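Listed below, chain by chain, are the residues.
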Amino acid sequence: NAGVMQNPRHLVRRRGQEARLRCSPMKGHSHVYWYRQLPEEGLKFMVYLQKENIIDESGMPKERFSAEFPKEGPSILRIQQVVRGDSAAYFCASSDQRISSGNTIYFGEGSWLTVV
Amino acid sequence: DQQVKQNSPSLSVQEGRISILNCDYTNSMFDYFLWYKKYPAEGPTFLISISSIKDKNEDGRFTVFLNKSAKHLSLHIVPSQPGDSAVYFCAASAQNNDMRFGAGTRLTVKP
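### Observations concerning the pattern of salt bridges
Residues and elements named next belong to chain A.
Moving on, step 1. Scanning all chains against the criterion turns up five salt bridges over all chains.
Moving on, step 2. A salt bridge links R64 to D86; the shortest N-O distance between them is 2.7 Å. Of the two residues, R64 sits in the loop between β6 (53-56) and β7 (65-68) while D86 sits in the loop between β8 (75-79) and β9 (88-95), which places them 22 residues apart along the sequence.
Moving on, step 3. The class for R64 is partly exposed, based on a relative accessible area of 25%.
Moving on, step 4. The exposure class assigned to D86 is buried, which follows from its relative accessible area of 3%.
Moving on, step 5. Connected through shared salt-bridge partners, E18, R20 and R78 make up one network.

This is the structure:
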């Protein structure tokens, strides 16, 4: 499967716990994007990363959320001390170039976080 | 800051008829526009795109129209099929920028 791989697909966490979502981009892609979809809402940009660099984190909440894309391994979206409002679908997307005219990003299947 | 807007949360059409999904944007720097389709519990899948140098792009039953002066684009599906029932997201990007998405329109095609 050469597509964007996300895991886990479903994650349940108690309030105050940590959630870690992983994303392996498509083969040959070095640009990763995280989006969040709250219930009944659209896709909200969170963060854009390249290998070992955060390029744009303007959509990330200031606290408790962090993201990384190490030289080796998947990109990780980490949410510390989760609250009920963090319950959402988190989508990862990748591309082979930085988003600009003519470029398309390809999404994974998503990770559904439920905070109880 | 909603730079891409899809004002219709839902649309219902009869099988075989035309589906028209609309999208408006506010950022004049956007120069590339895309439509994604999303089924429940799946990730969005790329459907069709258009560059700002064009006003129309067609791919089979799907056509995207762009009106730059009105900052408006639309997706036409003809003829609509039950399998087209999904949420459709409009997206826009600019040079060296992230991709912004609308809130989505849920299309239901009735047999």
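What follows continues from the structure just given.
### Focus on the sheet that holds strand β3 (residues 19-25) of chain B
Residues and elements named next belong to chain B.
Moving on, step 1. Taken together, five strands build an open sheet; the order of strands is β1-β3-β8-β7-β6 and the sheet is antiparallel. In the strand order of this sheet, the two ends are held by β1 (4-5) and β6 (56-59), each with one partner.
Moving on, step 2. Pairing geometry for β6 and strand β7 (residues 62-67), over four bridges, is antiparallel. Across the sheet, E58 pairs through a bridge with T63, a residue of β7.

### Quick look at the sheet that holds β7(A)
Residues and elements named next belong to chain A.
Moving on, step 1. Across the sheet, which stays open at both edges, the four strands sit in the order β1-β3-β8-β7 with antiparallel pairing between neighbours. One side of each edge strand has no neighbouring strand; the edge strands of this open sheet are β1 (5-7) and β7. Direction aside, the axes of adjacent strands within the sheet are offset by 15° on average.
Moving on, step 2. Two elements, β7 and β8, share four bridges in a ladder whose sense is antiparallel. Directly across from F65, in β8, lies its bridge partner I79.

### Observations concerning the interface of chain A and chain B
Moving on, step 1. At the interface, 22 residues of chain A touch 22 residues of chain B.
Moving on, step 2. Between chain A and chain B, roughly 1,800 Å² of surface is buried when both sides are summed, and carbon and sulfur atoms account for 57% of that area.
Moving on, step 3. The tally of links between chain A and chain B comes to zero salt bridges.
Moving on, step 4. On inspection of chain A and its partner chain B, the count reaches three residue pairs in polar contact (both at pLDDT 80 or more).
Moving on, step 5. Listing elements by their share of the side of chain A that touches chain B, those giving two or more residues are β4 (31-37) and β5 (43-50) of chain A.
Moving on, step 6. Each residue belonging to the side of chain A that touches chain B can be placed in one class, and the counts come to eight nonpolar, nine polar and five charged.

Rules used throughout
- The residue numbering used here restarts from 1 in each chain and proceeds along that chain's sequence as written.
- By the order in which they are written, chains take letters starting at A while ligands take numbers starting at 1.
- Under the rules for a predicted model, residues below a pLDDT of 70 receive no local features and side-chain atom pairs below 80 are neither given nor counted, while totals for whole chains, interfaces and linings still include all residues.
- With hydrogens and water stripped out, all remaining heavy atoms of the structure feed into the side-chain values.
- Between Lys or Arg on one side and Asp or Glu on the other, a salt bridge is scored when a side-chain nitrogen of the former is within 4 Å of a carboxyl oxygen of the latter.
- The secondary structure listing takes helices from DSSP runs of H or I that are at least 4 residues long and strands from runs of E that are at least 2 residues long, numbered from the N terminus.
- Working definition: with a 1.4 Å probe on protein chains only, accessible area under 20% of the residue-type maximum means buried, over 50% means exposed, and in between means partly exposed.
- Strands were regarded as paired on the criterion that DSSP finds at least two bridges between them.
- Helix axes are fitted only over the stretch in contact, all axes being lines through C-alpha atoms; the angle between N-to-C directions runs from 0 to 180 degrees.
- Throughout, a contact is declared for two residues whenever any of their heavy atoms are within 4.5 Å.
- Note on terms: buried area is the combined drop in 1.4 Å-probe accessible area of two parts once they are placed together, counting the loss on both.
- We call two N or O atoms a polar contact when they sit within 3.5 Å, provided that within protein one can donate a hydrogen and the other can accept it, with sequence-adjacent residues counted only if both atoms are side-chain atoms.
- Lys, Arg, Asp and Glu make up the charged group, whereas Ala, Val, Leu, Ile, Met, Phe, Trp, Tyr, Cys and Pro make up the nonpolar group; the residues left over, Gly among them, are polar.

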